[in-house]
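What follows is the residue order along each chain.
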Amino acid sequence: MSNAQTSLGDLHTLKTAASKTKTRFHPAQFWRWGAGPTWLLAAVVTWKWPDADDFPATNEFAVFQLVIGLALVALGATGYLKNRAPWALTLGVGFGAWEVVQAKLLLLPRPFFGTPQDLLDVFLTDWKRLGDSLLHSLLLLAGGYIPGSILGIIVGLALGRSHHVRYWVRPIMRVIGPLPPVALLPLAFVVIPSTRGAGEALMALAAGFPVAVLTWSGVSAVDPSYYDVARTMGAKNRFLVLRVALPAATPQIFVGLFMGLGASFSMLVVAEMLGVKSGLGFYMQWAQGWAAYPNMYAALFVMSLMCTTLMTVLFKIRDHLLKWQKDGLKW
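All of the points below concern the structure found in this document.

What counts, and where the lines are drawn
- Residues numbered from 1 in each chain as written.
- Predicted model: local features only at pLDDT ≥ 70, side-chain atom pairs only at ≥ 80, totals over all residues.
- Heavy atoms only, no water.
- Helix = DSSP H or I, 4+ residues; strand = E, 2+ residues; numbered from the N terminus.
- Phe/Tyr/Trp six-rings, centres within 6.5 Å; stacked < 30°, edge-to-face > 60°.
- Buried < 20%, exposed > 50% of the residue type's maximum accessible area, 1.4 Å probe, protein only.
- Patch = residues over 30% accessible without salt bridge, like charges linked within 9 Å, V, L, I, M, F, W, Y side chains within 5 Å.
- Areas by Shrake-Rupley, 256 points an atom, 1.4 Å probe, with all protein chains shown as cover.
- Salt bridge = Lys/Arg side-chain N within 4 Å of Asp/Glu carboxyl O.
- Polar contact = N/O pair within 3.5 Å; in protein donor to acceptor, adjacent residues only side chain to side chain.
- Contact = heavy atoms within 4.5 Å.
- Axes fitted to C-alpha atoms, helices over the stretch in contact; angles between N-to-C directions.
- Parallel < 35°, antiparallel > 145°, perpendicular 65-115°, else oblique.
- Left-handed = near helix turned anticlockwise from the far one by under 90°.
- Nonpolar A, V, L, I, M, F, W, Y, C, P; charged D, E, K, R; others polar.

**Regarding unusual backbone geometry**
Across residues other than glycine, the phi torsion is negative in most instances, and most of the peptide bonds are trans.
So, point 1. The residue after R110, namely P111, is reached through a cis peptide bond having omega 5°.
So, point 2. Relative to the helices and strands, P111 is located in the loop between α4 (85-104) and α5 (116-125).
So, point 3. One non-glycine residue, A57, lies in positive phi territory at about 60°.

**Concerning the packing of aromatic side chains**
So, point 1. Per the stated rule, a full pass over the model turns up ten aromatic pairs.
So, point 2. A ring pair is formed by F123 and F301, whose centres lie 5.9 Å apart and whose planes are at 75°; its orientation type is edge-to-face. Remark: F301 occurs in helix α13 (residues 293-321) and F123 occurs in helix α5; sequence separation between them is 178 residues.
So, point 3. By relative accessible area, which is 26% here, F123 ends up partly exposed.
So, point 4. With a relative accessible area of 47%, F301 lands in the partly exposed category.
So, point 5. On the numbers, 5.5 Å between centres and 45° between planes, the contact of Y283 with W286 is tilted.

**Quick look at the environment of A248**
So, point 1. Take A248: it is sitting in helix α11 (residues 237-274).
So, point 2. A relative accessible area of 35% places A248 in the partly exposed class.
So, point 3. Along the sequence, A248 and Y226 sit 22 residues apart, while their C-alpha atoms lie 9.7 Å from each other.

**Notes on a nonpolar patch on the surface**
So, point 1. On the surface, W49, L105, L107, L108, F112, F113, Y297 and L300 cluster together into a nonpolar patch covering about 730 Å² of accessible area.
So, point 2. Within the secondary structure, W49 sits in the loop between α2 (27-48) and α3 (58-78).

**Observations concerning the side chain of T46**
So, point 1. By secondary structure assignment, the location of T46 is in helix α2.
So, point 2. Overall, T46 belongs to the buried group, its relative accessible area being 0%.
So, point 3. Within polar-contact distance, the side chain of T46 engages the backbone oxygen of A42 at 2.9 Å.
So, point 4. Beyond its immediate chain neighbours, meaning those up to four positions away, T46 contacts T58, F61, A62, Q65, E99 and K104.

**Considering the environment of V45**
So, point 1. Along the polypeptide, V45 turns up in helix α2.
So, point 2. In this structure V45 comes out as partly exposed when scored by relative accessible area, which is 25%.
So, point 3. Those residues in contact with V45 that lie beyond four places of it in its chain are V100 and K104.

**A closer look at the packing of α11 against α13**
So, point 1. Packing of α11 against α13 brings their axes to within 11 Å, and their N-to-C directions diverge by 165°. The orientation of α11 relative to α13 falls into the category roughly antiparallel. The two elements α11 and α13 cross, and the hand of that crossing is right-handed. Within the contact between the two elements, α11 uses F254, L257, F258, L261, G262, F265, L268 and V269 and α13 uses M303, M306, C307, L310, M311, L314, F315, I317, R318 and L321.
So, point 2. Split by residue class, the contact of α11 with α13 holds 16 nonpolar, one polar and one charged.

**Structural notes on the packing of α11 against helix α12 (residues 280-289)**
Each pair of packed helices can be summarised by the angle the axes make with each other and by the distance between the axes.
So, point 1. At a minimum axis separation of 7 Å, α11 and α12 run at an interaxial angle of 50°. Our classification of the angle between α11 and α12 gives oblique. For the element pair α11 and α12, the recorded crossing hand is right-handed. Mapping the contact onto sequence places V269, E272 and M273 in α11 and L280, G281, F282, M284 and Q285 in α12.
So, point 2. Of the residues assigned to the contact of α11 with α12, the class counts are five nonpolar, two polar and one charged.

Such coordinate-based values are descriptive only and should not be taken to indicate function.
Shown next, in the form of structure tokens:
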């Protein structure tokens with residue numbers, strides 16, 4: 001076979017392989033182009049299939065799905081959807097299945113299981129009370145979490161730097177720290193006259209213990225040579241704490257802050273349900289008492305969004321403060 005024939009054969013093989021590559025199915029394209037039509041199909045089902053009962057806000061929910069579907073189609077066409085496409089399609093399927101199972105066929109017992117339009121109706125009609133409850137929960141959480149975290153950092157630094165502090169404080173932490181703060185709720189309501197103050201104190205305890213322990217761990221793990229170098233340059237004890245120990249322990253401190261936020265949030269819900277007469281926990285208890293289960297689910301959704309947002313903000317702060325050691329930090 002001549003060299004020309006061999007070259008032509010190789011060229012034909014390359015063209016065939018290229019055509020197969022172009023027509024090969026890519027899962028990413030399926031997710032990207034399928035997300036929008038899924039929501040549009042769910043909107044048609046919601047609008048055209050008659051409800052099994054008199055549910056509120058059915059048309060509004062169909063419009064909501066339509067808007068989401070059109071937005072996803074536009075994002076898919078422009079290439080901005082990317083990694084979120086699988087979640088967008090899955091949520092569309094989930095909402096559509098929920099609509100069919102409950103609003104169209106009533107397969108789940110009521111009133112314990114509502115419909116998507118029930119949930120949307122709560123946000124449309126009771127958004128003021130939900131917003132007020134969210135504001136009260138944020139203020140109550142801030143009143144306990146922020147002071148508790150600050151106190152935990154101070155105590156952790158003292159434990160890591162002072163033998164005398166460790167001698168007196170460590171036994172107290174071993175006795176009180178492992179106790180779940182919710183177990184101290186009845187005692188806190190007796191000792192502290194204000195139910196709000198009692199809730200804030202217990203949230204401060206829930207946040208302060210993990211922050212203190214992990215700050216202590218981070219300070220104790222600092223290489224002693226750092227202190228030696230700083231002392232050689234004439235650094236005083238204050239400089240050693242603020243410019244050596246604290247920055248070196250910052251990754252551990254943020255682990256404690258994340259743990260403390262979760263513990264404080266759990267204590268927040270319990271305090272609002274049992275004593276504090278405001279907030280999302282109180283709203284949930286009120287909704288359950290009146291068998292208003294869509295309101296309860298709406299409060300749960302707002303709680304989840306609140307906690308997720310606070311965690312995201314804390315991650316952003318951590319990334320900003322620790323960008324100098326980003327390459328060595330793994331989360």
